[in-house]
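# Structural description and commentary
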Amino acid sequence: MDKLDQMYTDGAFQQTHGREELQLFDPVTEEASAIVVLADERDAKTAVESASRAFPTFSQTTRKQRIDLLHALSAAVEARADELTEATIAEYGGPVEQARWRAGLAASNFRDAARLLDEFAFTRRVGEAEVVAQAVGVAVHIVPWNSLYNAISVKMAGALAAGCPVVVKPSEYSARQSQLFTECLHAAGPPAGVINVVTGLGNVVGEALTSHPDVRKISFTGSTAVGKSILRGAVPRLQRVTLELGGKSPTIVMDDADLRDAATSALSFGLLNNAQSCIAGTRILVPRPKVEAFCQAIQNAMRDVVVGDPRSPLTTLGPLVNRRQFDRVQTYIQKGIAEGARLLVGGEGRPDGLNRGFFAKPTIFTDVSNDMVIAREEIFGPVLCIIAYDDEDHAVTLANDTPYGLHAYVIGKDKIRARRVASRLDAGRVAINTLRHEPIAPFGGFKESGVGREYGLYGIEDHLELKAVIGA
Ligand code: NAD
């Protein structure tokens, strides 16, 4: 069995000082698949010191040097896209087409940053002042397991474009993908110390990194609870903090929507990435008179959802990442039933025909009110709620009645009305009749879905401090 015991600092792979082990399991077979040897506080310190040594030189590199590095990173990731895809399937159970898309997205994130850096204005004239944007310092990037290559690359691309060395702490549950991705980064030949990767537990390595006095920037993607603790922890040194957190996104089905198409779209918004997606549309808001017809349409659309082997191109929904997630989803299904929501599709346990693996039944509740636990808390699994609304104002009120504000979806024929509704939603992104991603538009959340924005130019700005220089 593979033992993953390497971290990457000072331009080289080395064994972690930490010796504690964590067993990983294949989500499809539940068999033990790899052992992660977890880094410890000393490893975290080593990684920050490595980045700190690189900062004075790297922050002074030319635009051209950083553009070349970003292109090299993109090419190195692209060169091993097939292996990266396979690692996502093996470790995470990501359906093959989606896994391939995510590996490609990582390569394009670096390319996009290179293009944007080419035209980025690091100095601007503002009245009497010359305003200079300068690299903020060593950046720590902490990321979850559910979209690993994208989360690492999008943060790293912004940081490197700005001139900041990075220390990445990936989730302990994505150690194999992290190892392979780091090999790609290494192959691109970054200067020693500019990229560092250290895998360990959040409350050990994560805390050691975020509390290190030499870290000036923290960019975190993960749960809202951990994000809040990171923000609190940054107070003594006022480190710059960007938080990309959870969501409970609404999908508003307008009254002019074709219900068959709307049902298919709502399912794809709700179940994407094995239903473990921060942007999942998990609250489906439907005009009250159309709820029964919509329920029928979504039951029909469910026939096209194929749960099972992520290696089959026919599969649309793979397993949950681990037993903990599986158990968590089961608990929420029980809560939904206990709260009096009506189970339309799915329920507890595994789908028929699957007798092992962390596969949950895609589950849809109707007769849900927006104050039920299943409508308020992020479940991070295939559990969707249908909620009735009376008119457009009511739909907007329900959509915004959530602690979160990461994403929203609107489905309808009248584009002007759909736009009008979109303009009233408190969400960092609103997608109208689409699931398309725009990787250079800002990404981030309103309310408890986060602080700040990343991606594209916003990811570069996120790693800069502004300085106004006045007088000759
Ligand atoms: P999590 O918050 O448990 O962990 C995320 C990362 O933080 C992991 O690397 C973990 O080891 C680390 N961590 C945990 N405790 C820490 C601490 N005290 N200090 C520092 N680091 C710590 O989240 P998860 O279960 O891995 O991921 C799922 C969550 O991530 C969901 O809430 C999802 O919505 C969110 N997410 C958000 C986005 C976004 O862009 N907004 C994208 C993907 C996932």
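### Concerning the packing of aromatic side chains
- Within this structure, the stated rule accounts for 7 aromatic pairs.
- Arranged with centres 6.2 Å apart and planes meeting at 40°, the rings of Tyr92 and Trp145 form a pair that is tilted. You can see Tyr92 sitting in helix α3 (residues 81-92) and its partner Trp145 sitting in the loop between β8 (138-142) and α5 (148-162), a full 53 residues away along the chain.
- Owing to a relative accessible area of 2%, Tyr92 belongs among the buried residues under this scheme.
- Residue Trp145 is classed as buried on the basis of its relative accessible area of 9%.

### A short note on the packing of helix α2 (residues 63-79) against helix α4 (residues 96-118)
- Taken N-terminus to C-terminus, the directions of α2 and α4 make an angle of 165°; their axes are 8 Å apart at the nearest point. Between α2 and α4, the angle is such that the two are roughly antiparallel. Relative to α4, the crossing made by α2 is left-handed. Facing α2, whose interface residues are Arg63, Arg66, Ile67, Leu70, His71, Leu73, Ser74, Val77 and Glu78, α4 presents Ala103, Ala106, Ala107, Phe110, Arg111, Ala113, Ala114, Leu117 and Asp118.
- Per-class residue counts for the contact of α2 with α4 are 11 nonpolar, 2 polar and 5 charged.

### Let's talk about the environment of Asp393
- In this fold, Asp393 is placed in helix α13 (residues 392-400).
- Given the relative accessible area of 45%, Asp393 is considered partly exposed.
- Measuring from C-alpha to C-alpha, the distance between Asp393 and Cys164 comes to 45 Å, with 229 residues separating the pair along the chain.
- Within the local environment of Asp393, its side chain forms a polar contact with the side chain of Arg424, the two groups lying 3.0 Å apart.

### Quick look at the domain arrangement of the chain
- For the chain, the domain assignment lists domain 1 (2-245 + 447-470) and domain 2 (250-432).
- Placing the centre of domain 1 and that of domain 2 at their C-alpha centroids yields a distance of 31 Å.
- Each side of the interface is counted separately: domain 1 has 30 residues, and domain 2 has 36 residues.
- For the pair domain 1 and domain 2, the summed buried surface comes to about 2,500 Å²; carbon and sulfur atoms form 50% of the total.
- Considering only the side of domain 1, the residues that lose the most area to domain 2 are Glu30, Trp145 and Lys447, jointly responsible for 23% of the buried surface there.
- In this assembly, domain 1 and domain 2 are joined by 4 salt bridges.
- Between Glu30 and Arg350 there is a salt bridge; the shortest N-O distance is 2.9 Å.
- Inspection of the region where domain 1 meets domain 2 yields 18 residue pairs in polar contact (both at pLDDT 80 or more).
- Breaking the side of domain 1 that touches domain 2 down by element, the ones donating at least two residues are α3 and α4.
- Here the element with the most residues in the side of domain 1 that touches domain 2 is α3; it accounts for 5 residues.

### Looking at empty space enclosed by the protein
- Here the structure, examined in full by the defined rule, presents 5 cavities of 30 Å³ or more.
- In this model, the largest cavity occupies a volume close to 120 Å³.
- As for the largest cavity, its lining consists of 15 residues, of which Gln6, Met7, Ala175, Gln179 and Thr199 are closest to the centre.
- Within the residue set of the lining of the largest cavity, elements represented by two or more residues are β2 (6-9), β5 (32-37) and α6 (175-187).

### Quick look at the sheet that holds β5
- With mixed pairing, 3 strands are arranged side by side in an open sheet as β1-β5-β4. Here the strands that pair on one side only, and so sit at the sheet edges, are β1 (2-4) and β4 (21-25). If you compare each strand with its neighbour and ignore which way they point, the axes differ by 25° on average.
- Two elements, β1 and β5, share 3 bridges in a ladder whose sense is parallel. Bridge pairing in β5 links Lys3 to Ile35.
- Sheet strands in contact with α6 are β1, β4 and β5, and its direction is about 70° off that of β1.

### Thoughts on the state of the cysteines
- Summed over all chains, the structure comprises 0 disulfides.
- Here Cys295 stays unpaired: no disulfide links it, and the sulfur of Cys385, its closest cysteine neighbor, is 12 Å away.

### Quick look at the site of the ligand
- Taken together, the neighbourhood of the ligand is formed by 26 residues, with Val143, Lys169, Ser223, Leu245 and Glu378 sitting nearest.
- In the environment of the ligand, a nitrogen atom lies 3.3 Å from a nitrogen or oxygen atom belonging to the side chain of Glu207.
- Taking 850 Å² as the accessible area of the ligand by itself, protein coverage stands at 88%.
- Elements supplying a minimum of two residues to the shell around the ligand: α7 (202-210), β11 (215-221) and α8 (224-233).
- It is α7 that contributes the most residues to the shell around the ligand, 3 residues altogether.

Rules and cut-offs
Positions within a chain are numbered from 1, following the residues in the order the chain's sequence is written. With the structure being a predicted model, the display of local features is reserved for residues of pLDDT at least 70 and the display and counting of side-chain atom pairs for 80 or more, all residues being used for whole-chain, interface and lining totals. Heavy atoms from the whole structure form the basis of all side-chain values; hydrogens and water molecules are not counted. Ring pairs are drawn from Phe, Tyr and Trp, using the six-membered ring of Trp, whenever the two centres fall within 6.5 Å, and their geometry is named by plane angle: stacked under 30 degrees, edge-to-face over 60, tilted for the rest. Going along the chain from the N terminus, every DSSP run of H or I of four or more residues is numbered as a helix, and every run of E of two or more is numbered as a strand. Burial here depends on accessible area, computed with a 1.4 Å probe over protein chains only, as a share of the maximum for the residue type. Under 20% is buried, over 50% is exposed, and the range in between is partly exposed. Lines fitted to C-alpha atoms define the axes here, with helix axes fitted over just the stretch in contact, and angles between the N-to-C directions of these axes take values from 0 to 180 degrees. Each angle receives one of four descriptions, namely roughly parallel if under 35 degrees, roughly antiparallel if over 145, roughly perpendicular if within 65 to 115, and oblique otherwise. Left-handed describes a crossing whose near helix is turned anticlockwise from the far helix by less than a right angle; the clockwise case is right-handed. The contact definition used throughout considers only heavy atoms, calling two residues in contact when any of these lie within 4.5 Å. Any residue outside Ala, Val, Leu, Ile, Met, Phe, Trp, Tyr, Cys, Pro, Asp, Glu, Lys and Arg is labelled polar, Gly included; the first ten of those are nonpolar and the last four are charged. Here a polar contact is taken to be a pair of N or O atoms separated by no more than 3.5 Å, where protein atoms must pair a possible hydrogen donor with a possible acceptor and residues adjacent in sequence count only if both atoms sit in side chains. An automatic or database domain assignment supplies the start and end points of every domain. Once two parts are joined, some of their accessible surface, as seen by a 1.4 Å probe, is lost; buried area is that loss totalled over both. Salt-bridge detection follows one rule: a side-chain nitrogen of Lys or Arg within 4 Å of a carboxyl oxygen of Asp or Glu. Put simply, the grid is 1 Å and covers the protein atoms alone, a cavity is a trapped set of points that fit a 1.4 Å probe, a pocket is an open set with protein on both sides within 12 Å along at least five of seven lines, and lining residues have an atom within 4 Å of a point. Grid points are joined across faces, edges and corners, and a volume is the space filled by probe spheres set on the points. Strand pairing follows a simple DSSP-based rule, namely that at least 2 bridges must link the two strands. Pairs of cysteine sulfur atoms within 2.5 Å are what we label disulfides. The rule for a residue being near a molecule or strand is that one of its heavy atoms must lie within 4 Å of it. Throughout, the Shrake-Rupley method with a 1.4 Å probe supplies accessible areas, and for residues the shown protein chains are the sole cover considered.

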